[in-house]
Amino acid sequence: MTMNPPLPSAVAALLDQQQGDRVLVVDDVPDNLSLLHDALDEHGYTVLAATSGEAALASALQGQPDIVLLDAMMPGMDGFEVARRLKANPVTAHIPIVFMTGLTETEHLVAALQAGGVDYVTKPLDPRAVLARMQVHLQGARQARQTRQALDAFGYASIAVRASTGRLLWQTPLARELLQLYYGTVAPQTPAPVLAWLRRSLEEMGDGPSTQEPPRLSAELGARRLSFRLHNCIGGEDAPGASDPTGAGEGSNATTASAPGGDWLIVMREVSDAAVIRSLGLVFSLTAREAEVLYWVVKGKINRDIGEILGASPATVKKHLERIHAKLGVETRTAAAAMALTRVREMHPSWEV
């Protein structure tokens, strides 16, 4: 029996770090599963195994692996279809997929990448090559996961959107709640206003590098406001090198910020103006409802719009406004708005109309 030469110490150390990552290995050949299981287990990985496409989908959904090693050619549901289904499900869309294939023709390699794969290794399998290629993508996936967790921890929400198709690829739990609240949408649907803003921003950025941040998008829900900021390109089908099977390995860079398409990280932040409304009530001795009316006057809303927001008739809003004029000692809504805006900016310097 031929023994593989020992790994260089630096490579071995790299492969041994981050022990405990979950790897889903999908192959209908038991010998291949056994070979990879032993190699992965030796380096501290938790191994999940599946011998069919259906079993792979169920295992990925339940086990949430950090990476998938996927056989391209299997009876029944092949690896290409498995990859497409994994990428279509927001719960598993973020998991990197490395194809294992004996098909080396360009069209097959391109098909693997178009189905959602980030890389491929050829058969017969060399466990050392599989481990090395897998580690590259595990590092990227780990960094992306840590970024999402950090953003959530600081009150931010983040999503990844594929610009070409409009598909929402993944989202943090906070992002899911906010998109449902403001737009009533769920993944993989990206809210139409958000997608339109993303594509418009990319058109304005053009093909050249830009150091200027695109204008942000805002959505309002009562006194709550949700802002969207385009963060950076994180790769994807339209990113440079994404459709080149020979560039999927070392040295490829799919995170160029000037890419016209690709997968984009969008960071959201919600702020509430409830404190501003309370301040208006205190400083001008207004009732809670009067403070709300004055807030929306400052925001430039007319009586009919304010009534719709507060669930009141325009006539009721007009009566509230008359009492507000009296308490502020002004005669017009313009004067009331100007006075209120001045006081709000004194108390809340960072507040934006």
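Figured I'd write up the structure that's included with this text. (Residues numbered from 1 in each chain as written. Predicted model: local features only at pLDDT ≥ 70, side-chain atom pairs only at ≥ 80, totals over all residues. Heavy atoms only, no water.)

Focus: the side chain of N303
Here comes step 1: The topology assignment puts N303 in helix α11 (residues 303-310).
Here comes step 2: At 2.8 Å, the side chain of N303 forms a polar contact with the side chain of R333.
Here comes step 3: Ignoring anything within four residues of it in the chain, the contact list for N303 reads P314, V317, K318, L321 and R333. (Helix = DSSP H or I, 4+ residues; strand = E, 2+ residues; numbered from the N terminus. Polar contact = N/O pair within 3.5 Å; in protein donor to acceptor, adjacent residues only side chain to side chain. Contact = heavy atoms within 4.5 Å.)

A few points about the packing of aromatic side chains
Here comes step 1: Per the stated rule, a full pass over the model turns up four aromatic pairs.
Here comes step 2: With centroids separated by 6.3 Å and ring planes inclined at 55°, the aromatic side chains of W197 and F228 adopt a geometry described as tilted. Of this pair, W197 sits in helix α8 (residues 192-205) while F228 sits in strand β9 (residues 224-233), and the two are 31 residues apart along the sequence. Residues W197 and F228 agree in their burial class; the two are buried.
Here comes step 3: An aromatic cluster of at least three residues, connected via ring pairs, comprises Y183, W197 and F228. (Phe/Tyr/Trp six-rings, centres within 6.5 Å; stacked < 30°, edge-to-face > 60°. Buried < 20%, exposed > 50% of the residue type's maximum accessible area, 1.4 Å probe, protein only.)

A look at the sheet that holds strand β8 (residues 217-221)
Sheet strands line up and pair through hydrogen bonds in the backbone, either parallel or antiparallel.
Here comes step 1: Ordered in space as β7-β6-β10-β9-β8, the five strands form an open sheet in which the pairing is antiparallel. Each end of this open sheet is capped by a strand with a single partner; those strands are β7 (168-171) and β8. Across the sheet, the mean angle separating the axes of adjacent strands is 25° when strand polarity is ignored.
Here comes step 2: Direction of pairing for β8 relative to β9: antiparallel, over a ladder of five bridges. Bridging across to β9, L217 finds its partner in F228.
Here comes step 3: Docked against the sheet, α8 engages β6 (156-162), β8, β9 and β10 (263-272), running at close to 45° with respect to β9. (Pairing = 2+ DSSP bridges. Axes fitted to C-alpha atoms, helices over the stretch in contact; angles between N-to-C directions.)

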